[in-house]
Amino acid sequence: MSTVAALNARFGIDGVVKVVAGHGGLPAVEVTGPQGNGTVYLHGGHVAAWKPAGMEEVLWLSGSSAWADGKPIRGGVPLCFPWFGPKKDDAKAPAHGFVRLSEWELESVTQGADGVTIGLVTRSNAGTKGWWDTDYELRHIVTIGKKLTMELELKNVGGGPLVAEEAQHTYFGIGDVRQVKVLGLEGVKYIDKGAGMKEVIQQGAVTITGETDRIYVETEGNVVIEDPVKGRRIGIAKKGSKTTVVWNPWVAKAKAMPDFGDEEWPGMICVETCNVLGWAVKVEAGQSHTMATEITAGRL
Ligand code: TA6
């Protein structure tokens, strides 16, 4: 029996949950529930789609994405861990860490009042220790329903404290990034990666008028994306996170990425729940830390 068939036999729920061979033949959990539909790939523990009942798809996927072991999926919710961006002490290391590059274990699928909850886990091993000599368990617990809830639970199973960066690098589908407003970050300090890591205080709503790559710091607040073209408001609430990244590659950077269509940049914006830079999480031996995002979508 194939992996997919075996997983479907074990975790499928008639008419609601099916384990299928998704893009690139990668195993994926497909949810078609009364409150919402969604798709979660075992590859990278990666939420690739979420469509609440009565609304259109909320997440964005590139038509040029790779779908293969060892490569990140472009779009949905890549999980960045245990570092964010390039690895400080190793230019050859994969950007945003290594957990988004390989298959996670499907641990549980349950149906409840809020929708279908899918639990995936990835653990340290000899391969990961080549990059990062630390013992950990990382779970992604995703509930697909009227809301999309994603909990990233990091457990330190080693003998000493660990320090790690982490991000739920969420790509949202929008009508035109040039007309979008991001509310909730007014007055928050951000580090502008496009301006030599300059520190700036956000004045008013965030609008996108060029390549934008900002790390908002010391912020635990909720954020709203107002999308006048789609007539949609996307709410992003978070827990256990001190930093929020806002990113759009704009023209040149989109062209420079082989897994990102040259003309796709107006249709997406990343708003990322994270703990990065000096706000990396420290977890004592035997302890756990959970970072969570709850996404809602409604009419503007
Ligand atoms: O979160 C924004 C960012 O750090 C940008 O600097 C850009 O590199 C983006 O992530 C995408 O990174 P990726 O490695 O997925 O191409």
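Scroll up for the structure.
Summary of the structure given here. (Residues numbered from 1 in each chain as written. Predicted model: local features only at pLDDT ≥ 70, side-chain atom pairs only at ≥ 80, totals over all residues. Heavy atoms only, no water.)

1. Some points on the overall build of the protein chain
Secondary structure assignment for the protein chain yields three helices and 22 strands. Taking 19 Å as the expected radius of gyration for a compact globule of 300 residues, we find that the protein chain reaches 18 Å, a close match to that expectation. Seen through its C-alpha atoms, the protein chain measures out along the principal axes to roughly 55 × 45 × 35 Å. Sequence separation of 24 or more characterises 63% of the internal contacts of the protein chain that already satisfy a separation of 6 or more. (Helix = DSSP H or I, 4+ residues; strand = E, 2+ residues; numbered from the N terminus. Rg over C-alpha atoms; globule rule 2.2 N^0.38 Å. Contact = heavy atoms within 4.5 Å.)

2. Concerning the sheet that holds strand β1 (residues 17-21)
Ordered in space as β1-β2-β3-β4, the four strands form an open sheet in which the pairing is antiparallel. Looking at the sheet topology across the chains shown, the edges are occupied by β1 and β4 (46-52). Between one strand axis and the next, the sheet turns through 15° on average, direction left out of account. Of the strand pairs in this sheet, strand β3 (residues 36-41) and β4 are connected by six bridges, and their pairing is antiparallel. Counterpart to Gly36 in the pairing with β4 is Pro52. Helix α1 (residues 3-11) contacts β1 and β2 (27-32) of the sheet and is inclined by roughly 175° relative to β1. (Pairing = 2+ DSSP bridges. Axes fitted to C-alpha atoms, helices over the stretch in contact; angles between N-to-C directions.)

3. A look at the pairing of strand β14 (residues 189-192)
Sheet topology note: the β14/strand β15 (residues 198-201) ladder contains four bridges and is antiparallel. Considered in β15, the bridge of Lys189 is made with Ile201. Hairpin connection from β14 to β15: five residues lie between these consecutive antiparallel strands, with Gly196 at a positive phi of about 60°. Note that β14 and strand β16 (residues 212-216) share three bridges and pair antiparallel. Along β16, the bridge assignment pairs Ile191 with Ile215.

4. Some words on the site of the ligand
Close to the ligand lie Arg74, Phe84, Ala95, His96, Arg100, His169, Lys193, Asp213, Val245, Trp247, Lys253 and Glu272, which account for all nearby residues. Expressed as a share of its isolated accessible area of 390 Å², the protein-covered part of the ligand is 86%. Classifying every residue of the shell around the ligand by side-chain character gives four nonpolar, two polar and six charged. (Near = heavy atom within 4 Å. Areas by Shrake-Rupley, 256 points an atom, 1.4 Å probe, with all protein chains shown as cover. Nonpolar A, V, L, I, M, F, W, Y, C, P; charged D, E, K, R; others polar.)

5. Focus on the pattern of salt bridges
One pass over the structure, following the stated rule, counts 17 salt bridges. Asp90 is the partner of Lys92 in a salt bridge, and the nearest nitrogen-oxygen pair spans 3.8 Å. Put simply, Arg233 and Glu226 hold a salt bridge, and the shortest N to O gap is 3.5 Å. Judged by relative accessible area, which is 34%, Arg233 ranks as partly exposed. Several salt bridges share partner residues, and in doing so they unite Glu105, Glu107, Arg123, Glu137 and Arg139 into one network. (Salt bridge = Lys/Arg side-chain N within 4 Å of Asp/Glu carboxyl O. Buried < 20%, exposed > 50% of the residue type's maximum accessible area, 1.4 Å probe, protein only.)

What is shown is where atoms sit, not what they do.
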